[in-house]
Amino acid sequence: MRKARFCKRFAPGRWLTRLAVVSLTVLSSAGLSAAEPAIGWPEKPQLTLGFIKLTDMAPLAVAYEKGFFEDEGLYVSLKAQANWKVLLDGVIDGRLDGAHMLAGQPLAATIGYGTKAPIITAFSMDLNGNGITVANSVWAEMKKNTEHRDGKPVHPISAGALKPVVKAYRDRGEPFKMGMVFPVSTHNYELRYWLAAGGIHPGFYAPAKGDTSGQLQAEVLLSVTPPPQMPATLEAGTIHGYCVGEPWNQQAVFKGVGVPVITDYEIWKNNPEKVFGVSEAWARQYPNTHARLIKALIRAAKWLDENDNANRPEAVRILAKSEYVGADEAVIANSMTGTFEYEKGDERPIPDFNVFFRHNATYPYYSDAIWYLTQMRRWGQIPEQKDDDWYRETARRVYRPDIYAVAARALIEEGRMQASDFPDFDREDGFKPPQSGFIDGITYDGRHPNAYLEQFPIGLKADQRL
């Protein structure tokens, strides 16, 4: 547990002299005028924020350690949570004011898949940062199906190299099992995406029939394993591979129990990963506190990426502390400082493996939200067809660029950031241009979710139901 720290620079007069308190709930998500009033006094200065022990919780740790929360008059305690369900429940029941969340969690909770509760996010915590690791014995077989150059595997490695291995297991009557961190996690959808792109069916969910295993028609059985337990679970032979965030892929390399075969950067270049989530009711009750939290997190993200990642070694030392990630510095540094190690000794440069601010990483794009919703539909978590308007409306309810813009504009006004650090809020509509950086070559356009779903050979589409 991290001891809470009171803001040394807490200066009530700084805010009491301001003329107005922002009511964020009435701001238009289409854009904010330059005349919006400054952010007022934090209604709730004492906060408890949750996280899971992964390197992408870094903006929270940095905002705490560098005093960015203090600058906003916030008295913050950071608490590691046992798993993603416990974390979500804490935000819903009020034990946590907010948390580092899987990007799919606010969406799933809001639409009622699993626990139903309206959750929002006004801050995207990072891009990329995950990998898929397989056991040494599985990799030994995959290598036979993988192209090599100069004695090293050519990346990215398709799941097609895994397909004969899975078939051999099935022919022997043995299930091939892989772990992911949560049913609505990026890891689940990335693992499914990679498998399906290689011609391997990862299975369907059928909640209308009471089947939430995600294993209907599956050639590979996916199940939940908590991130820190994945290397040990792989070593024990309970699973044959997994998809997880760092440092738990690199931990498998260091322990000599597995080989990361692909990163999510190679599955979908610059994919969104975690978000910072709060309950919709909390955001409505504490709008100024929320905006100040986002301000601190934006500054932390900028610090993590600025000067070509010059601060990453210090970030590694922070994250290695037991109250945060608690892994060896060398393990964390293997992916946080611009490189990634596949097989032991096969270290390659991936400068964007962890992105916290570049490429507008912190901005909560509606198109990012819609991608997650399309994958929920593709694999049956959303059991019936939805029209394109439903996707857009759901994204707008959960992802809140209007709140983000208030925080960003305040940072610009204070001289801490520049307008060029952010999207053009007066023109931004929340949709990225069509994206084509996927391993299967399929282009994603968040404006046309149903047309996107129709492109996949494996997965539900149109009015299909299980």
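Owing to the predicted nature of the structure, the values given are computational and were not obtained by experimental measurement.

Caption draft 1: Examining the nonpolar core more closely. In terms of nonpolar packing, the biggest core is built from 83 residues, with Met142, Leu162, Met178 and Trp194 touching the most fellow members. Of all the elements, helix H16 (residues 366-378) adds the most residues to this core, at seven residues. Residue contacts for Leu162: discarding those within four places in its chain leaves Val138, Met142, Phe176, Met178, Trp194, Leu195 and Ile200. One finds Val76, Ile294, Ala300 and Phe422 within the second-largest nonpolar core, a separate group that totals 56 residues.

Caption draft 2: View of the packing of aromatic side chains. Evaluated as defined, the whole model comprises 26 aromatic pairs. With a centroid separation of 6.4 Å and 35° between ring planes, the pair formed by Tyr193 and Trp371 is classed as tilted. Here Tyr193 is found in helix H8 (residues 186-197), whereas its partner Trp371 is found in helix H16, with 178 residues between them in sequence. Each of the two residues, Tyr193 as well as Trp371, counts as buried. Consider the rings of Phe422 and Phe425, whose centres lie 6.0 Å apart with planes at 35°: the pair is tilted. Residue class for Phe422 comes out buried when judged on its relative accessible area of 7%. Here the aromatic cluster, defined as three or more aromatic residues joined through ring pairs, consists of Tyr189, Tyr193, Trp268, Trp371, Tyr372, Phe438, Tyr444, Tyr452 and Phe456. Stacked on the ring of Tyr193, the Lys or Arg Arg378 has its end atom at 5.3 Å from the ring centre. Positioned above the aromatic ring of Phe456, the side-chain terminus of Arg378 is 3.7 Å from the ring centre.

Caption draft 3: Local environment of the packing of helix H10 (residues 248-255) against helix H15 (residues 329-336). Two numbers describe how H10 lies on H15: the axes approach to 9 Å, and their chain directions differ by 125°. Taken together, the axes of H10 and H15 lie oblique to each other. The hand of the H10/H15 crossing is right-handed. Contacts from Gln250, Gln251 and Phe254 of H10 reach H15 at Ala330, Val331, Asn334 and Ser335. In terms of residue class, the contact of H10 with H15 is made up of three nonpolar, four polar and no charged.

What counts, and where the lines are drawn
- Residues numbered from 1 in each chain as written.
- Predicted model: local features only at pLDDT ≥ 70, side-chain atom pairs only at ≥ 80, totals over all residues.
- Heavy atoms only, no water.
- Core = buried A, V, L, I, M, F, W, Y, C linked by side-chain atoms within 4.5 Å.
- Buried < 20%, exposed > 50% of the residue type's maximum accessible area, 1.4 Å probe, protein only.
- Helix = DSSP H or I, 4+ residues; strand = E, 2+ residues; numbered from the N terminus.
- Contact = heavy atoms within 4.5 Å.
- Phe/Tyr/Trp six-rings, centres within 6.5 Å; stacked < 30°, edge-to-face > 60°.
- Lys NZ or Arg CZ within 6 Å of the ring centre and 35° of its normal.
- Axes fitted to C-alpha atoms, helices over the stretch in contact; angles between N-to-C directions.
- Parallel < 35°, antiparallel > 145°, perpendicular 65-115°, else oblique.
- Left-handed = near helix turned anticlockwise from the far one by under 90°.
- Nonpolar A, V, L, I, M, F, W, Y, C, P; charged D, E, K, R; others polar.

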